[in-house]
Amino acid sequence: MAPTLEQLQQGQVFLIDKPLDWTSFDVVNKIRWNIRKNHGLKKFKVGHAGTLDPKATGLLIICTGRKTKEIESYQNQHKAYTGTIKLGATTASYDTEQPEDAHFPTEHITTEMLHQVAQQFTGVIQQLPPIHSAIKKDGKKLYEYARGGKEIDVKAREVEILEFRIMQVQMPFVDFYIACSKGTYIRSIAHDFGAALKSGGYLYALRRVSSGDFHVEESDNAPLEFDFFTEV
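To keep things clear, this report deals only with the structure shown in the data block.

1. So, the overall build of the protein
Move 1: Within the protein, the regular secondary structure consists of 6 helices and 13 strands.
Move 2: Burial analysis of the protein (232 residues in total) assigns 44% to the buried set.

Right under this line is the structure:
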């Protein structure tokens, strides 16, 4: 049953399975537009609790009304992902958004090496965010510098990797599970993982499976549909 306007204003939490190639703001804007259209509103508060890159799918927490005040608490929760790293190549964006720009040998990489190197990334680590990211420096997003071809000094950030588990290997593709703190760039882990193997690597696929106590299996994409918010 669709929530009423009063319920939306009091605050609702929607669990969305973000589609591939949608930005997180695409989801927010779609839900906000549907609410405004159905209820004749000019403005309405809707926000998400943790960005997912366009090339990632999976759990996106959406808050409405007064629940938007709780977004930070949802953002601070640990998150878990499954995905695939492609070894032997790199891209400027550390994922499939940019084409492969360099290639490296992989013949020396064994399954045992993969598991050993993965363990080197667990715990509290210093991580360099991708230059193709929305982090701001001097008022501009890093990807704006990257698109302009300008080199920029990016500072490392402290993140925590609770678990980095190799699930399946079919070279050059490596499937993984990662549980981590907020602010962790899985793209950077993929890139750094390839370098640590004396090769290259980039994120080939990514899916957020949980955030705190919320799981992607609980998601319901009905809020993306226009008639979901129609008064009953």
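After presenting the structure, the write-up continues.
2. Notes on the packing of aromatic side chains
Move 1: In total, this model carries 10 aromatic pairs according to the counting rule given.
Move 2: Ring centres 6.2 Å apart and planes at 65° place the aromatic pair F121 and F193 in the edge-to-face group. Separated by 72 residues along the polypeptide, F121 in the loop between α4 (111-120) and β7 (123-127) and F193 in helix α6 (residues 186-196) bring together distant segments of the chain.
Move 3: Using a relative accessible area of 0% as the deciding quantity, one classes F193 as buried.
Move 4: Three or more aromatic residues link up through ring pairs in this structure, and these residues are F121, F164, F176 and F193.

3. Focus on the pattern of salt bridges
Move 1: Within this structure, the stated rule accounts for 6 salt bridges.
Move 2: Put simply, D17 and R207 hold a salt bridge, and the shortest N to O gap is 2.7 Å. With a gap of 190 residues between them, D17 in strand β1 (residues 13-18) and R207 in strand β12 (residues 201-211) connect regions that are remote in the sequence.
Move 3: For D17, a relative accessible area of 21% gives the class partly exposed.
Move 4: The class for R207 is partly exposed, based on a relative accessible area of 27%.

4. Side note on the side chain of T57
Move 1: On the secondary structure map, T57 appears in strand β3 (residues 56-64).
Move 2: Here T57 falls in the buried class, since its relative accessible area comes to 17%.
Move 3: A distance of 3.1 Å separates polar atoms of two side chains, one belonging to T57 and the other to R207.
Move 4: Sequence-distant contacts of T57, that is, excluding residues within four places in its chain, are made with D17, K18, P19, L20, L52, L206, R207 and R208.

5. Focus: unusual backbone geometry
Move 1: Across the junction of M171 and P172, the peptide omega takes the value 5°, indicating a cis bond.
Move 2: By the secondary structure assignment, P172 is in the loop between β10 (157-170) and β11 (173-180).
Move 3: Of note in this structure, D21 is not a glycine but carries a positive phi near 75°.
Move 4: Residues other than glycine seldom take positive phi values, yet Y94 does so here, at roughly 70°.
Move 5: Within the fold, Y94 resides in the loop between β5 (89-91) and β6 (100-103).
Move 6: Of the residues examined, Y94 reaches a relative accessible area of 17% and is grouped as buried.

6. With respect to the environment of V13
Move 1: Its location among the elements puts V13 in strand β1.
Move 2: As a C-alpha pair, V13 and I71 span 58 residues in sequence and 9.8 Å in three-dimensional space.
Move 3: Each residue touching V13, except ones within four places of it in the same chain, is listed here: I61, I62, C63, K67 and Y74.

7. Regarding the nonpolar core
Move 1: In terms of nonpolar packing, the biggest core is built from 26 residues, with F164, I186 and F193 touching the most fellow members.
Move 2: Looking at this core, the elements with two or more residues in it are β4 (79-87), α4, β10, β11, α6 and β12.
Move 3: Beyond its immediate stretch of four places on either side in the chain, I186 contacts Y81, F176, I178, C180, L203 and L206.
Move 4: Residues L5, L8, I35 and L224 belong to the second largest nonpolar core, which totals 16 residues.

8. Quick look at α6
Move 1: Buried within α6 we find I186, R187, S188, I189, A190, F193 and G194.
Move 2: Residues of α6 that are buried sit in contact with β4, α4, β7, β10, β11 and β12.
Move 3: Directly after α6, the chain includes K198, whose backbone phi takes a positive value near 60°.

Cut-off values and rules
Residues numbered from 1 in each chain as written. Predicted model: local features only at pLDDT ≥ 70, side-chain atom pairs only at ≥ 80, totals over all residues. Heavy atoms only, no water. Helix = DSSP H or I, 4+ residues; strand = E, 2+ residues; numbered from the N terminus. Buried < 20%, exposed > 50% of the residue type's maximum accessible area, 1.4 Å probe, protein only. Phe/Tyr/Trp six-rings, centres within 6.5 Å; stacked < 30°, edge-to-face > 60°. Salt bridge = Lys/Arg side-chain N within 4 Å of Asp/Glu carboxyl O. Polar contact = N/O pair within 3.5 Å; in protein donor to acceptor, adjacent residues only side chain to side chain. Contact = heavy atoms within 4.5 Å. Core = buried A, V, L, I, M, F, W, Y, C linked by side-chain atoms within 4.5 Å.

Read these as spatial facts, not as claims about activity.
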